[in-house]
Amino acid sequence: MDTIRLEESQDVLVQTAAVVAAQRQFAQRLRQRTVPDPLTGLPVRSLLIDRLELALAAAGPDSGRLAVVCCNLDGITTLEDLHGDAVADAARAEAAGRLVTAVRQGDVVARISAQTFVLLCPGMHTDDDAHGIALRISAAFDEPLHPHPDVEHRVRLSAGVALSGRASTPESLIASANEAMTRIRHERQGSGRHG
């Protein structure tokens, strides 16, 4: 009888430990999803996906389409090679501030890799609306960055746009915008106009 109770107690302890471990793993994943990018304070990819899912669910025929703009800072790696990681990171942080200033209220700017940012812009009624935002954020980089008192560095923004449709998912929108951005970068490099 005592042996049976001891085995039952051990089973309960093992199950409890498994539940506690699962809860800790879930809490860790949740923290990782909600912690912003440490350099810029912007949302990271997982937060962007969450916001895209919400925006797609809320979008209706009268509210317009969602534009996702994928942006690459062309020229940051050159800056990194010349002046090191700290100066390049300061340039990335300054670039993030310019993007946030250039978008409309309600738009979301996220950082998904070292020099790639993604913008979520709801309420697009025409293709021209979305391309207008891409032009506006590109114009924010007409002036050089000043990541250090002794350093002035010009970067160029390559921006690709994707507009939502009925079958759009967060991942498909980001992938389409990234493909558009990559095409623009290759065209620019092919013409000899490096950022």
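The numbering scheme is per chain: residues are counted from 1 as the chain's sequence reads. Residues qualify for local features only when their pLDDT is at least 70, as the model is predicted, and side-chain atom pairs are given and counted only at 80 or more; totals for whole chains, interfaces and linings, by contrast, use all residues. Only hydrogens and water are set aside when side-chain values are computed; all heavy atoms of the structure are taken into account.

## Re the pattern of salt bridges
Where side chains of opposite charge bring their charged atoms close, a pairing between them can arise.
In step 1: Criterion for a salt bridge: a side-chain nitrogen of Lys or Arg within 4 Å of a carboxyl oxygen of Asp or Glu. This model, assessed by the stated rule, comprises 9 salt bridges.
In step 2: Close ionic contact of D37 with R111 constitutes a salt bridge, the shortest N to O distance being 3.0 Å. With a gap of 74 residues between them, D37 in the loop between α1 (2-34) and α2 (45-58) and R111 in strand β2 (residues 108-113) connect regions that are remote in the sequence. Assigned by exposure class, D37 and R111 land together as buried.
In step 3: For R92, the salt bridge is made with E80, and the minimal N-O distance between the two is 3.4 Å. A residue pair is termed long-range when its members are at least 10 positions apart, and R92 in helix α4 (residues 85-102) and E80 in helix α3 (residues 76-83) qualify at 12 residues. Secondary structure elements follow DSSP: runs of H or I of four or more residues count as helices, runs of E of two or more count as strands, with numbering from the N terminus. Three exposure classes are used, based on accessible area relative to the maximum for each residue type with a 1.4 Å probe and protein chains only: buried under 20%, partly exposed in between, and exposed over 50%.

## Quick notes on the environment of D127
In step 1: For D127, the location among the structural elements is in helix α5 (residues 127-139).
In step 2: Residue class for D127 comes out partly exposed when judged on its relative accessible area of 43%.
In step 3: As for D127 and R65, which are separated by 62 residues in sequence, their C-alpha atoms are 9.5 Å apart.
In step 4: Setting aside residues up to four positions removed in sequence, D127 forms contacts with R65 and L163. Any pair of residues with heavy atoms lying within 4.5 Å of one another is described as a contacting pair.

## Some details on the pairing of strand β3 (residues 116-124)
In step 1: With 7 of 9 residues buried, β3 lies mostly within the body of the structure.
In step 2: Pairing analysis gives 7 bridges linking strand β1 (residues 65-74) to β3, with the strands arranged antiparallel. Each residue of the ladder has a partner; that of A67, found in β3, is C121.
In step 3: A pair of strands is labelled paired if DSSP reports no fewer than 2 bridges between them. In this structure, β2 lies alongside β3, joined through 5 bridges in antiparallel fashion. Looking at β3, one finds that V108 is bridged to L120.
In step 4: Linking β2 back to β3 in an antiparallel pair, the connection comprises 2 residues.

## Considering the environment of V69
In step 1: Turning to its location among the elements, V69 is positioned in strand β1.
In step 2: Its relative accessible area of 0% is what places V69 among the buried residues.
In step 3: Excluding residues within four positions of it along the chain, V69 makes contact with F117, V118, L119, I137, A159, G160 and V161.

## Observations concerning the sheet that holds β1
In step 1: The strand order across the open sheet formed by 4 strands is β2-β3-β1-β6, and the pairing between neighbours is antiparallel. Bordering the open sheet on either side are β2 and β6 (156-163), each of which pairs with just one other strand. In this sheet, neighbouring strand axes are inclined to one another by 25° on average, regardless of whether the strands run parallel or antiparallel.
In step 2: To get an axis, fit a line to the C-alpha atoms, keeping to the stretch in contact for a helix; angles then go from 0 to 180 degrees between the N-to-C directions. Where α5 meets the sheet, its contacts fall on β1, β3 and β6, and the angle it forms with β6 comes to roughly 160°.
In step 3: Its contacts with the sheet place helix α6 (residues 170-190) against β1 and β6, and it is angled at close to 140° to β6.

## Here's the deal with α5
Each α-helix winds once per 3.6 residues, and so residues spaced three or four apart point in a common direction.
In step 1: Expected helix span is given by 1.5 Å per residue-to-residue step, counting one fewer step than there are residues. If you check α5, its first and last C-alpha atoms are 18 Å apart, about what 13 residues at 1.5 Å a residue would give, namely 18 Å.
In step 2: Considered for burial, the residues of α5 that qualify are A130, I133, A134 and I137. In a view along the axis of α5, the buried residues occupy a sector of 95°, so they form one face of it. Exposed positions of α5 whose direction lies more than 90 degrees from the buried face are D128 and L135.
In step 3: Tucked inside the fold, the buried residues of α5 contact β1, α4, β3 and β6. In this context, the arc is that of the directions from the helix axis out to the C-beta atoms.

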